[in-house]
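# Structural description and commentary
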Amino acid sequence: MRLGRKVTLGLGVVAGLVCSHLAWAHPGRTNSSGCHNERATGGYHCHGGGGGGGGGGWRELEETPTRVKVIAIPRARVWINGAFVGMSPTPAVRIDGTKVQVLLEHAALGRHETTATIDSGGTTALTVRW
């Protein structure tokens, strides 16, 4: 009888170790949709956790996110679709849709606004000139 308990306990420990390995498959915080960028591969994938979907594991996104990088005169403050994103040149910023409204503000040159349509998916470097 005692041997049976030890075997059961041993199997429980092994099962716990296997399950913990699956739970810690890779580190990384996820956004509100349960998704995150994967630094090693440059990919973007989702776990079943966010947004009420449920289910375990992860799934690849069907589409590549659309990103835009604004290149303009140095030290210009840049807004993309109404959100401040930093100084020019900006990092690649994820956007929804393909229409981009860019507002630049520079201490010596004032304000400049332009609108562009970019390709869906991938990253577009958008050069804005005064």
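Residues numbered from 1 in each chain as written. Predicted model: local features only at pLDDT ≥ 70, side-chain atom pairs only at ≥ 80, totals over all residues. Heavy atoms only, no water.

### Let's talk about the environment of threonine 117
Under the convention used in this document: Only runs of H or I of at least four residues qualify as helices and only runs of E of at least two qualify as strands under DSSP, and these elements are numbered from the N terminus. For each residue, the accessible area found with a 1.4 Å probe, counting protein chains only, is set against the maximum for its type, and the residue is called buried under 20%, exposed over 50%, and partly exposed in between.
By the secondary structure assignment, threonine 117 is in strand β9 (residues 110–117). Taking relative accessible area as the criterion, threonine 117 reaches 65% and is therefore assigned exposed. For threonine 117 and threonine 98, which are 19 residues apart along the polypeptide, the C-alpha to C-alpha distance reads 5.5 Å.

### Structural notes on the nonpolar core
Put simply, the test is: Nonpolar cores were defined as sets of buried Ala, Val, Leu, Ile, Met, Phe, Trp, Tyr and Cys residues, with membership established by side-chain atoms within 4.5 Å.
Core analysis: the largest hydrophobic core is formed by 14 residues, its most contacted members being Ile80, Val100 and Val102. At the level of secondary structure, the elements contributing two or more residues to this core comprise β4 (66–71), β5 (77–80), β7 (93–95) and β8 (99–106). Per-element tally for this core: the top contributor is β8, with three residues.

### Considerations on the sheet that holds β8
Short version of the rule: At least two DSSP bridges between two strands are required for those strands to pair. Every axis corresponds to a line fitted to the C-alpha atoms, with the helix fit spanning only the stretch in contact, and the corresponding angles, defined between N-to-C directions, vary from 0 to 180 degrees.
Reading across the sheet, the four strands line up as β6-β5-β8-β9 and stay open at both edges, with antiparallel pairing between neighbours. The outermost strands of the open sheet, each flanked by one partner alone, are β6 (83–87) and β9. With strand direction ignored, the average angle separating the axes of adjacent strands in the sheet is 25 degrees. Bridging between β5 and β6 involves four bridges; their strand directions are antiparallel. Directly across from arginine 77, in β6, lies its bridge partner methionine 87.

### Quick notes on a nonpolar patch on the surface
Just so we agree on the cut-off: What makes a patch is a set of residues exposed beyond 30% relative accessible area and free of salt bridges, joined within 9 Å when like-charged and within 5 Å when nonpolar (Val, Leu, Ile, Met, Phe, Trp, Tyr). A 1.4 Å probe and the Shrake-Rupley method give the accessible areas. Residues count as covered only by the protein chains that appear here. In the sections that follow, a salt bridge refers to a side-chain nitrogen of Lys or Arg positioned within 4 Å of a carboxyl oxygen of Asp or Glu.
A cluster of nonpolar side chains, contributed by Ile73, Leu109 and Trp130, occupies part of the molecular surface with about 260 Å² of accessible area. You can see leucine 109 is positioned in the loop between β8 and β9. Residue leucine 109 is classed as partly exposed on the basis of its relative accessible area of 43%.

### Describing the confidence of the model for the protein
For the record, the criterion: Each residue carries a pLDDT value, the predictor's own confidence for that position, ranging from 0 to 100.
Averaged over all residues, the pLDDT of the protein is 77; the fraction at 70 or higher stands at 58%. When mean pLDDT is taken per element in the protein, β5 scores highest with 96 and strand β3 (residues 58–60) scores lowest with 55.

### Focus: the side chain of serine 88
Rules: For this analysis, a polar contact is any N or O atom pair within 3.5 Å, provided that within protein one partner can donate a hydrogen and the other can accept it, and provided that sequence-adjacent residues contribute only side-chain to side-chain pairs.
Counting through the fold element by element, serine 88 comes out in the loop between β6 and β7. Within polar-contact distance, the side chain of serine 88 engages the backbone nitrogen of alanine 72 at 2.8 Å.

### Let's talk about the pattern of salt bridges
Counted according to the given criterion, the structure contains two salt bridges. A salt bridge links arginine 77 to glutamate 105, with the shortest nitrogen-to-oxygen separation between them at 3.7 Å. Linking arginine 77 in strand β5 with glutamate 105 in strand β8, this pair joins segments that are 28 residues apart in sequence. Given a relative accessible area of 35%, arginine 77 falls into the partly exposed group. Between glutamate 105 and arginine 111 there is a salt bridge, with its nearest N and O atoms 3.3 Å apart. Shared partners join several salt bridges into a network, and the residues in it are Arg77, Glu105 and Arg111.

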